[in-house]
Amino acid sequence: MSEHYAELLMYVAPEPVRQASQQWLARILEHLGLRRLNADRLDLPGLWLAPELLVTQTCGYPLMTQLRGKVRVIGRPRYELPHSSQGEHCSLLLTRDDNPRHRLADFHNSRGVINGHDSNSGMNLLRERLAPLQRDGRFFASVGISGAHRESLRWLREDRADLAAIDSVTYDYLARFAPQEVAGLRIVTRSAPSPTLPYIGPLGLSDEQVVQIRRAMNQALQDLPEVAETLGLHEVLPANESDYAVLLNYQDQAVSAGYPVLQ
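Note that the structure is a prediction, hence the values are computed from the model and not measured. (Residues numbered from 1 in each chain as written. Predicted model: local features only at pLDDT ≥ 70, side-chain atom pairs only at ≥ 80, totals over all residues. Heavy atoms only, no water.)

A. Summary view of the sheet that holds strand E8 (residues 142–145). Reading across from one edge, E8-E7-E9-E6-E10 is the order of the 5 strands in this open sheet, with mixed pairing throughout. This sheet does not close on itself; its edge strands, each paired only once, are E8 and strand E10 (185–190). Pairs of neighbouring strands in the sheet enclose a mean axial angle of 30 degrees, with direction left out of account. Bridging between strand E7 (residues 111–114) and strand E9 (residues 163–167) involves 2 bridges; their strand directions are parallel. Within E9, the residue paired with Val113 across the bridge is Ala164. This element, helix H5 (residues 149–157), spans strand E6 (91–96), E7, E8, E9 and E10 of the sheet and lies at about 150 degrees to E9. (Pairing = 2+ DSSP bridges. Helix = DSSP H or I, 4+ residues; strand = E, 2+ residues; numbered from the N terminus. Axes fitted to C-alpha atoms, helices over the stretch in contact; angles between N-to-C directions. Contact = heavy atoms within 4.5 Å.)

Okay, structure coming up:
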């Protein structure tokens, strides 16, 4: 029985979500007759490109900017959640309830926060929305980098920032299982739609192996209805790199508008 890395690290909170993901992975490996390697020593880029990888999840923006042609896309999740459906999600642009600004344009010269410059939901989708509103290449008075969506939410709650773009799946999980983390915040607007975060494997996977892994993922969801319900995950859809080209289109539109760097 061969050993492989199998990790789902994009949505690890709240705790019921983390536990459900672990149960799902265990059943996937059971269906495939494989053992799971410990990936604790690997950072995300190391995991994404590890030759022993079976399946993991990445962000769509790094898929197209860092991993293009280096991994195989296995599929993408069809979440059915309040702000995510049919294989698409978005970013929710949030502020505090007591912020006097209401229209997105009102946030010009305010304090922004992003989880990182390599994030689709935290940066790329936000940049696309702000590009028509920027002036001389700037929109915010300052932009902080929090390192994670949950940290960006904390910055908003603690009045360290005025506007953040939060992945809609993350928001929906928190609203359900940890509502205190989004309490006192409101949605200003939604971003453009984006394909949900892709599941990937090593580049050497054959078409037959990709189908086999995706079939095992879907069978495991059927086996574990309580896991599927917790994750709001109905199906793993077929997908490929070309599905994510729209994210580079959003990037190019911002560049063309004179807003290559979110600032």
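B. Quick peek at the domain arrangement of the protein chain. What the domain assignment reports for the protein chain is domain 1 (3–84 + 197–247) and domain 2 (89–194). Each of domain 1 and domain 2 was reduced to a C-alpha centroid, and the two centroids are 26 Å apart. The interface is formed by 19 residues belonging to domain 1 together with 25 residues belonging to domain 2. Overall, the association of domain 1 and domain 2 removes approximately 1800 Å² of surface from exposure, summing both partners, and the carbon and sulfur fraction of that is 61%. Joining domain 1 to domain 2, the criterion identifies 1 salt bridge. Arg176 is paired through a salt bridge with Glu229; the nearest N and O atoms lie 2.8 Å apart. On inspection of domain 1 and its partner domain 2, the count reaches 8 residue pairs in polar contact (both at pLDDT 80 or more). Class assignment for the residues of the side of domain 1 that touches domain 2 results in 14 nonpolar, 4 polar and 1 charged. (Domains from an automatic or database assignment. Buried area = accessible area lost by both parts, 1.4 Å probe. Salt bridge = Lys/Arg side-chain N within 4 Å of Asp/Glu carboxyl O. Polar contact = N/O pair within 3.5 Å; in protein donor to acceptor, adjacent residues only side chain to side chain. Nonpolar A, V, L, I, M, F, W, Y, C, P; charged D, E, K, R; others polar.)

C. View of helix H7 (residues 207–223). Between its first and last C-alpha, H7 extends 24 Å over 17 residues, near the 24 Å set by a 1.5 Å rise per residue. Close packing links the buried residues of H7 with helix H1 (15–32), strand E3 (53–57), strand E4 (71–79), strand E12 (199–202), helix H8 (225–231) and strand E13 (233–237). (Expected span 1.5 Å × (residues − 1).)

D. Summary view of the side chain of Glu128. Residue placement: Glu128 occurs in helix H4 (residues 120–130). Take Glu128: its relative accessible area is 14%, and that puts it in the buried class. Setting aside anything within four residues of it in sequence, one finds Glu128 in contact with Ala192, Tyr250 and Gln253. (Buried < 20%, exposed > 50% of the residue type's maximum accessible area, 1.4 Å probe, protein only.)

E. Up close: the sheet that holds E13. Pairing is mixed in the open sheet, where 6 strands are placed in the order E2-E1-E3-E12-E4-E13. Since the sheet does not close on itself, it has two edges, and those belong to strand E2 (35–36) and E13, each with one partner. Two elements, E4 and E13, share 4 bridges in a ladder whose sense is antiparallel. Residue pairing across strands places Arg76 opposite Leu237, the latter belonging to E13.

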